[in-house]
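# Observations on the three-dimensional arrangement
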Amino acid sequence: MADLPTTTTYLETSQQDDTGVPSPTINTRGRFLLRHERTPQFVQPAHMSSGPSGGGGENTLYFVLVGATCLAGGAYAYSTLVGDRERYQQRITEIESRSSKPAAEPSTPAKTQPETAAQAVSEPTEASEPASAAASTAVEPTHAPYLLIGGGTASFAAARSIRARDPGARVLIVTEEDDLPYMRPPLSKELWFSDDPTVTETLRFKQWNGKERSIYFQPSSFYVSPTELESVENGGVAVLTGRKVMHMDVRGNKVKLSDGTEISYDKCLIATGGIPRNLQVIERAGDEVMKRTTLFRKIEDFKALEKVSRELKSITIIGGGFLGSELACALGRRSADLGLEVVQMFPEKGNMGKVLPEYLSNWTTDKVKKEGVKVLTEAVVKNVTYKEGKVEIKLKDGRVVKTDHVVAAVGLEPSVELAKSAGLEIDSDFGGFRVNAELQARSNIWVAGDAACFYDIKLGRRRVEHHDHAVVSGRLAGENMTGARKPYWHQSMFWSDLGPDVGYEAIGIVDSSLPTVGVFAKATAKDTPKAATEQSGTGIRSESETEAVAGSVAVGKAAPTPPPQQKEDYGKGVIFYLRDKVVVGIVLWNVFNRMPIARKIIKDGEEHADLNEVAKLFNIHEE
Amino acid sequence: MSYCKQEGKDQIIFVTKEDHEAPSNAELVEDDPNDPYEDHGLILPNGDINWNCPCLGGMASGPCGQQFKDAFSCFHNSKEEVKGSECIDFFRGMQECMQKYPELYPQEDDNESAPSGEAEAEAVLPADSTSSDSVSASVPTSEEVASGTESPATS
């Protein structure tokens, strides 16, 4: 579909030319395109954009339209033919490989294969799902009472919630990934700290408390097979992997998958998450650069980057936010052992520059450097080329970085492709599907996770891209899908660790452009993320929030702390983010197990005259 | 001695332990225990069990979810002297179901938790299990729940 945008651009710019808006900047591109397209024989010089639409203007427009349509049509036909051949080959190889694999369920013979291969759109399905062996709908469910689009954290949390509240519920998850639902945070943290050389296969990580777990929320035995979903006695959760929902018919309450299957639903959750953004300069840089670029999000990206880190000599991470900084620290720790150079560059002045106030961002950057990372701040990429076996990154200020591999961690683009066919609203400020405070887009459609732009009663409309939010919103969506009718109320949190000595938890709107008040004490050896999880017995920080009962506060025993010195060491403390004098965000800096208090303060939404008094509630000097 | 400085729009305060010893005079809004929007713990205000409590992990939602709910409801409502003594059949049913899914419900003798693949809270069976395949864990009987999967609570 790469041709459509270009066609639209042609149309838009040429429309702009005819509307009589004489703006050179806006129409420059339009004029260029027109000029390359054809010689403007009928154009009256210098009056094209503002003249009355006469014979000259109209004809040019007509030729442009026809020419562009032919081009687009030809390109589409070509790509379809090529694609078809490829897909047919893929199908055939897949069938052959499948026949040699033992199937848990008898799969129907592949009688529909030749038909589907001939269709314009078809995708090879995951062989491990016996139900999806044949694309025939006789085997797979054609109706799901609860249909969850997307197989990530929000979707899984919703499935669990639905099953807990609706006895015997039959839940169908449809995901375009090949994997069962898994959690993402370890992909940029714990998995990198593992000593196990087979970690890329097992995907198990050892938590700080010594306990091991898989990144998969549940092993495959938790799920029922899609073929059994409609019949199994007490219902269950089934996952259709390797299928993308391409079209959503809201009036008819059904979706169409990439292999042509149609599934109707009673209630639907859209939890499609997003895809990593890329830099335009990289997209334009050509295949050699793109081959050496990772957009990090999924398990396969982790595996690929892990391999790269062992085989290549230099990796550059572009982006200074959560993902970029975490990956930089993870790779930085390995850099000495692997003989790997790790570079991180970003436009801000310091790591987490959009999240932490400047003084803290600078302090954090120093810590990141200590993890072995070469940090380039205030770095804006001008262009990227492949030269003499190296990827060469040129910055706007003239600095040049030569590296073997690039990781782009420059944000997430929410996946809202279904909005068009479904007729759902997209938010123009934050992106994502626009939903109300109860996460509803329509009476029987909910959206949760990264893709949901929702109304937060306390903090206003927002879209949150954190793991705990996916859990909380997924759970809430599941509750509302089973009749709870509750708004988003329990504020989700997030956390980040930059190495074992610096970690923080945060909640609410944590935006460095807001005025902040930070209250600090000096950190002792006991105030590290490692110690925190050891004490609370949790492995992944979010669990201490979502797996425990809301309201319980684990305040540890007091330990003797040496009095803080007068120098500026931001060892541990609390930072309040204010909007119109009300605390809307809190960062707990190397202070753990205090999240319930922070949540309470945000929920109250009060104006506090002295934030030092509020800080006292956190007992920052204690364990 | 604490001190304070301003860096642009950001204020920074350093405090000693002594500075924070006096109790806070910050006012917090009183919570409504019957707030319909709030997440509740294991037990809802009306006395029912909150099956969606994160503390239960995936117990109520997995393949043996129905058996778990039956057993635990019976236990919860039990007024017998030995709580849950009349629920043996339900627990047996739950155990049988769980034995079919060893990956999800590892058959461990000791009270250690954390089946590989799950980091959930689990349920302690009343002392009736004679088989060596008892699944053990901790049932949260109060609002204070140890997060994760640690030591069993006494029932």
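Residues numbered from 1 in each chain as written. Chains lettered and ligands numbered in written order. Predicted model: local features only at pLDDT ≥ 70, side-chain atom pairs only at ≥ 80, totals over all residues. Heavy atoms only, no water.

### Focus on the overall build of chain B
Tallying secondary structure elements over chain B gives 2 helices and 2 strands in all. Helices and strands in chain B line up, N terminus first, as β-β-α-α. Here chain B, with 155 residues, has 46% of them falling under the buried criterion. If you sum the accessible surface of chain B, you get close to 8100 Å²; carbon and sulfur atoms cover 48% of it. (Helix = DSSP H or I, 4+ residues; strand = E, 2+ residues; numbered from the N terminus. Buried < 20%, exposed > 50% of the residue type's maximum accessible area, 1.4 Å probe, protein only. Areas by Shrake-Rupley, 256 points an atom, 1.4 Å probe, with all protein chains shown as cover.)

### A word on the overall build of chain A
Of regular secondary structure, chain A possesses 18 helices and 28 strands. Counting all 623 residues of chain A, 55% fall into the buried class. For chain A, the share of sequence-separated contacts (at least 6 apart) that also reach a separation of at least 24 residues comes to 68%. If you sum the accessible surface of chain A, you get close to 26600 Å²; carbon and sulfur atoms cover 52% of it. (Contact = heavy atoms within 4.5 Å.)

### Quick notes on the nonpolar core
All names here are of chain A. Ranked by size, the top nonpolar core spans 159 residues in total, and within it L147, I215, M248, F576, I586, W589 and F618 carry the most contacts. Setting aside anything within four residues of it in sequence, one finds L147 in contact with L172, V174, V255, I263, Y265, K267, C268 and L269. Formed by 15 residues, the second largest nonpolar core is a distinct cluster that contains V281, V289, V381 and V406. (Core = buried A, V, L, I, M, F, W, Y, C linked by side-chain atoms within 4.5 Å.)

### Points about the sheet that holds strand β14 (residues 381-387) of chain A
All names here are of chain A. The sheet built from 3 strands is open, its strands ordered β14-β15-β16 with antiparallel pairing. The two strands at the open ends of the sheet, each matched to only one other strand, are β14 and β16 (400-403). Adjacent strand axes in the sheet meet at a mean angle of 20° when their direction is disregarded. Alignment of β14 against strand β15 (residues 390-395), held across 6 bridges, turns out to be antiparallel. Within β15, the position partnered with Y386 by the bridge is V391. (Pairing = 2+ DSSP bridges. Axes fitted to C-alpha atoms, helices over the stretch in contact; angles between N-to-C directions.)

### Some points on unusual backbone geometry
Peptide bonds are mostly trans, and most non-glycine residues show a negative phi. All names here are of chain A. Notably, L439 is not glycine yet its phi reads approximately 65°, a positive angle. Mapped onto the secondary structure, L439 falls in the loop between β19 (433-434) and β20 (440-442). Residue L439 is classed as buried on the basis of its relative accessible area of 0%. Notably, K581 is not glycine yet its phi reads approximately 70°, a positive angle. Its place among the elements puts K581 in the loop between β27 (572-579) and β28 (582-589). A relative accessible area of 61% means that K581 is categorised as exposed.

### Some details on a negative patch on the surface
Negative charge collects at one region of the surface, where D580(A), E606(A), E607(A) and E27(B) lie side by side. On the secondary structure map, E607(A) appears in the loop between α17 (595-604) and α18 (611-616). Look at E607(A) and you get exposed, because its relative accessible area is 55%. (Patch = residues over 30% accessible without salt bridge, like charges linked within 9 Å, V, L, I, M, F, W, Y side chains within 5 Å. Salt bridge = Lys/Arg side-chain N within 4 Å of Asp/Glu carboxyl O. Lys, Arg positive; Asp, Glu negative; His and termini not counted. Charge placed at Lys NZ, Arg CZ, Asp CG, Glu CD.)

### Focus: the sheet that holds β27(A)
Read across the sheet, 7 strands follow the order β24(A)-β25(A)-β28(A)-β27(A)-β26(A)-β2(B)-β1(B) without closing on themselves; strand pairing throughout is mixed. A strand with exactly one partner marks an edge of an open sheet, and here the two such strands are β24 (493-497) of chain A together with β1 (3-7) of chain B. Looking at each pair of strands side by side, their axes are set apart by 20° on average, direction ignored. Alignment of strand β26 (residues 516-521) of chain A against strand β2 (residues 10-14) of chain B, held across 5 bridges, turns out to be parallel. The residue bridging V519(A) from the neighbouring strand is I13(B), located in β2(B). Sheet strands in contact with helix α12 (residues 358-370) of chain A are β26, β27 and β28 of chain A together with β1 and β2 of chain B, and its direction is about 70° off that of β2(B).

### Quick notes on the packing of aromatic side chains
Evaluated as defined, the whole model comprises 22 aromatic pairs over all chains. Geometrically, the ring pair formed by Y359(A) and Y570(A) is tilted, given 5.0 Å between the ring centres and 45° between the ring planes. With Y359(A) in helix α12 and Y570(A) in the loop between α16 (543-546) and β27, this residue pair connects regions lying 211 residues apart in the sequence. Comparing Y359(A) with Y570(A), the two get one shared label, buried. Ring pairing ties together the aromatic residues Y359(A), F520(A), Y570(A), Y3(B) and F14(B), which thus form one cluster. (Phe/Tyr/Trp six-rings, centres within 6.5 Å; stacked < 30°, edge-to-face > 60°.)

### Regarding the UniProt feature "domain: CHCH" (unreviewed entry) in chain B
UniProt marks residues 64-100 of chain B with the feature "domain: CHCH" (unreviewed entry), using the numbering shown here. For residues 64-100 of chain B, the helix share is 68%, the strand share is 0%, and the end-to-end C-alpha distance is 9 Å. (UniProt positions renumbered as here; feature names shortened; annotations may be inferred.)

### Overview of the environment of F494(A)
All names here are of chain A. Locating F494 in the fold gives a position in strand β24. For the pair F494 and L340, spaced 154 residues apart in the sequence, the C-alpha separation amounts to 30 Å. Residues within four places of F494 in sequence aside, it is in contact with F322, H466, Y504, E505, A506, I507, G508 and V510.

### Here we look at the pairing of strand β11 (residues 314-318) of chain A
Residue and element names in this part refer to chain A. Along β11, 5 of the 5 residues are buried, which leaves the element largely enclosed by surrounding structure. Covered by surrounding structure in β11 are S314, T316 and I318 together with I315 and I317, the residues of both alternating faces. With 5 bridges connecting them, β11 and strand β12 (residues 341-345) associate as parallel partners. When the sheet's bridge partners are listed, I315 is paired in β12 with V342. Looking at chain direction, β11 and strand β17 (residues 405-408) are connected through 4 bridges and run parallel. From the neighbouring strand, I318 faces β17, where its bridge partner is A408.

### As for the packing of helix α1 (residues 65-77) of chain B against helix α2 (residues 88-99) of chain B
Residues and elements named next belong to chain B. At their nearest, the axes of α1 and α2 sit 8 Å apart, and the two run at 155° to each other. Classified by the angle between their axes, α1 and α2 sit roughly antiparallel to one another. The handedness of the crossing between α1 and α2 is left-handed. Contacts between α1 and α2 pair Q67, F68, D70, A71, C74 and F75 from the former with F90, F91, G93, M94 and C97 from the latter. Along the lines of polarity and charge, the residues of the contact of α1 with α2 split into 8 nonpolar, 2 polar and 1 charged. (Parallel < 35°, antiparallel > 145°, perpendicular 65-115°, else oblique. Left-handed = near helix turned anticlockwise from the far one by under 90°. Nonpolar A, V, L, I, M, F, W, Y, C, P; charged D, E, K, R; others polar.)

### Overview of the packing of helix α5 (residues 153-165) of chain A against helix α14 (residues 467-481) of chain A
Residues and elements named next belong to chain A. It is at 7 Å that the axes of α5 and α14 come closest, and there the two elements cross at 35°. Of the two possible hands of crossing, α5 and α14 adopt the one that is right-handed. Across the interface between the two elements, T153, A154, A157, A158, S161, I162 and R165 of α5 pack against H467, A470, V471, G474, R475, G478, E479 and M481 of α14.

### Regarding the environment of S231(A)
Mapped onto the secondary structure, S231(A) falls in the loop between β4 (212-214) and β5 (236-240). With 58 residues separating them in the primary sequence, S231(A) and V289(A) have C-alpha atoms 50 Å apart.

### Digging into the pairing of β17(A)
Residues and elements named next belong to chain A. Residues H405 and V407 line one face of β17 and the alternating positions V406 and A408 line the opposite face, and both faces are buried. Bridging between strand β10 (residues 293-295) and β17 involves 3 bridges; their strand directions are parallel. Counterpart to L295 in the pairing with β17 is A408.

### Quick look at the state of the cysteines
Residue and element names in this part refer to chain B. All chains considered together, the criterion is met by 3 disulfides over all chains. Here C64 is linked by a disulfide to C97, with a sulfur-sulfur distance of 2.1 Å. Judged by the torsion about the S-S bond (-90°), the C64/C97 disulfide is left-handed. A residue pair is termed long-range when its members are at least 10 positions apart, and C64 in the loop between β2 and α1 and C97 in helix α2 qualify at 33 residues. (Disulfide = S-S within 2.5 Å.)

### Details of the pattern of salt bridges
For the structure on display, the rule yields 35 salt bridges over all chains. E341(A) is the salt-bridge partner of K374(A), the closest N and O atoms lying 2.8 Å from each other. Taken as a pair, K374(A) in strand β13 (residues 373-376) and E341(A) in strand β12 lie far apart in primary sequence, 33 residues in all. Here D456(A) and R462(A) are joined by a salt bridge, their closest N and O atoms 2.9 Å apart. Owing to a relative accessible area of 9%, R462(A) belongs among the buried residues under this scheme. Through salt bridges with shared partners, a single network forms among K600(A), K603(A), D604(A), D31(B) and E38(B).

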